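# Structural overview
What follows is each chain in one-letter form.
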Amino acid sequence: MLYTASNPEDETQHLLFHNQFISAVKYVGWKKERILAEYPDGRIIMVLPEDPKYALKKVDEIREMVDNDLGFQQAPLMCYSRTKTLLFISNDKKVVGCLIAEHIQWGYRVIEEKHPVIRSEEEKVRFERQKAWCCSTLPEPAICGISRIWVFSMMRRKKIASRMIECLRSNFIYGSYLSKEEIAFSDPTPDGKLFATQYCGTGQFLVYNFINGQNST
Ligand code: COA
């Protein structure tokens, strides 16, 4: 969070933000966990809407914190009773990744703009960060909407988001493994766009819930 250290109002806001963050990411562990995968650096668990209150409370806290971190109002979930939340728990008992997925029917393909001649990877990232994105108005069938995907800033670029999506693909619908074509990202941020482009292997991935869009999912 950006704040002015000499401004008392800003300092109070910062303290509130900090406390909310610390309490949201703290994870003491539950007796019954739905573990989807275990790795040397942590594990991925899934929380469903019918789970005990303490699990749903944690998911709410995390979602609020993620929305604050993203810094803008997120689209409300389509149908809460059918959402699936994946949390990446680090070995030091912190929630360092969160993915909230929902059922959707349609996605819209991002229209890739032609890059100017770009020499380095840094230039490409800078260009991607600066430009807005556009998508087709033609709906295409999709199954799974990634409403939110977030990784703690200090833990980024360790494939935490990629691992969460892999787990999601094999656990979103019982007995089937979703293809990348069946997944859409909700109004992606510049980071989200860079990630999705890499993960999907194309800049023309599917999106939904975009601002000013028809939102017909
Ligand atoms: N810039 C450029 N490329 C990026 C990138 C970034 N910020 N984030 C991911 N990628 C690409 C890279 O090619 C990366 O592989 P590499 O590290 O070997 O080069 C690949 O995607 C896989 O990234 P991964 O490590 O799995 O992603 P992550 O765990 O760092 O999480 C986000 C990615 C987007 C979830 C994370 O940056 C984040 O939480 N951002 C803030 C919240 C946000 O904007 N969420 C997106 C909402 S749509």
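As annotated in an unreviewed UniProt entry, the chain carries the name N-acetyltransferase ESCO1 and comes from Mustela putorius furo.

Turning our eyes to something else, we now look at the overall build of the chain. When helices and strands are tallied, the chain shows five helices and nine strands. Each helix and strand of the chain, ordered N terminal to C terminal, gives the series α-β-β-α-β-β-β-α-β-β-α-β-α-β. Here the chain has a C-alpha radius of gyration of 18 Å; the compact-globule value for 217 residues is 17 Å, and the two agree. Dimensions of the chain along its principal axes, counting C-alpha atoms only, are 55 × 45 × 35 Å.

It is worth spelling out the site of the ligand at this point. Taken together, 20 residues lie around the ligand, and Val151, Arg157, Lys159, Ser162 and Thr189 are the ones closest in. The backbone of Ile160 places a nitrogen or oxygen atom 3.5 Å from an oxygen atom of the ligand. If the ligand stood free it would expose 890 Å²; the protein chains cover 85% of that surface. Among the elements of the structure, α3 (121-130), β7 (144-151), α4 (160-171) and α5 (190-200) are those that each provide at least two residues to the shell around the ligand. A per-element tally of the shell around the ligand places α5 first, with five residues. In terms of residue class, the shell around the ligand is built from 10 nonpolar, four polar and six charged.

Nonpolar side chains in soluble globular proteins tend to be buried together. If you look at the biggest cluster of nonpolar residues, it comprises 32 residues, and the most contacted ones within it are Leu99, Ile165, Leu168 and Phe185. Those elements that place two or more of their residues in this core are β2 (42-47), β3 (84-90), β4 (95-103), β5 (106-111), β7, α4, β8 (183-186) and α5. In terms of residue count, the dominant contributor to this core is α4 (six residues). Setting aside residues up to four positions removed in sequence, Leu168 forms contacts with Leu86, Leu99, Ala101, Cys144 and Ile146. Counting residues in hydrophobic clusters, the runner-up holds 20 residues, among them Ile45, Val47, Leu56 and Val95.

Each regular strand carries side chains that alternate between the two faces of the sheet. In the sheet, β5 pairs with strand β6 (residues 134-141) via five bridges, with the strands oriented antiparallel. Each residue of the ladder has a partner; that of Ile111, found in β6, is Cys134.

Attention now goes to the state of the cysteines. Overall, the coordinates contain zero disulfides when judged by the stated rule. Here Cys98 is not disulfide-linked; the sulfur of Cys144 is the nearest cysteine sulfur, at 13 Å. Judged by its relative accessible area of 2%, Cys98 is buried.

What follows is about the packing of aromatic side chains. One pass over the full model with this rule turns up six aromatic pairs. With 5.9 Å between their ring centres and 25 degrees between their planes, Phe195 and Tyr199 make a pair best called stacked. Taken as a pair, Phe195 and Tyr199 lie in helix α5 at a separation of four residues, close to a single helical turn. Against the face of Tyr39 rests Arg163, its NZ or CZ located 4.6 Å from the ring centre. The ring centre of Tyr199 lies 4.8 Å from the NZ or CZ of Lys180, which sits over that ring.

Procedures and definitions
Residues numbered from 1 in each chain as written. Predicted model: local features only at pLDDT ≥ 70, side-chain atom pairs only at ≥ 80, totals over all residues. Heavy atoms only, no water. Helix = DSSP H or I, 4+ residues; strand = E, 2+ residues; numbered from the N terminus. Rg over C-alpha atoms; globule rule 2.2 N^0.38 Å. Near = heavy atom within 4 Å. Polar contact = N/O pair within 3.5 Å; in protein donor to acceptor, adjacent residues only side chain to side chain. Areas by Shrake-Rupley, 256 points an atom, 1.4 Å probe, with all protein chains shown as cover. Nonpolar A, V, L, I, M, F, W, Y, C, P; charged D, E, K, R; others polar. Core = buried A, V, L, I, M, F, W, Y, C linked by side-chain atoms within 4.5 Å. Buried < 20%, exposed > 50% of the residue type's maximum accessible area, 1.4 Å probe, protein only. Contact = heavy atoms within 4.5 Å. Pairing = 2+ DSSP bridges. Disulfide = S-S within 2.5 Å. Phe/Tyr/Trp six-rings, centres within 6.5 Å; stacked < 30°, edge-to-face > 60°. Lys NZ or Arg CZ within 6 Å of the ring centre and 35° of its normal.

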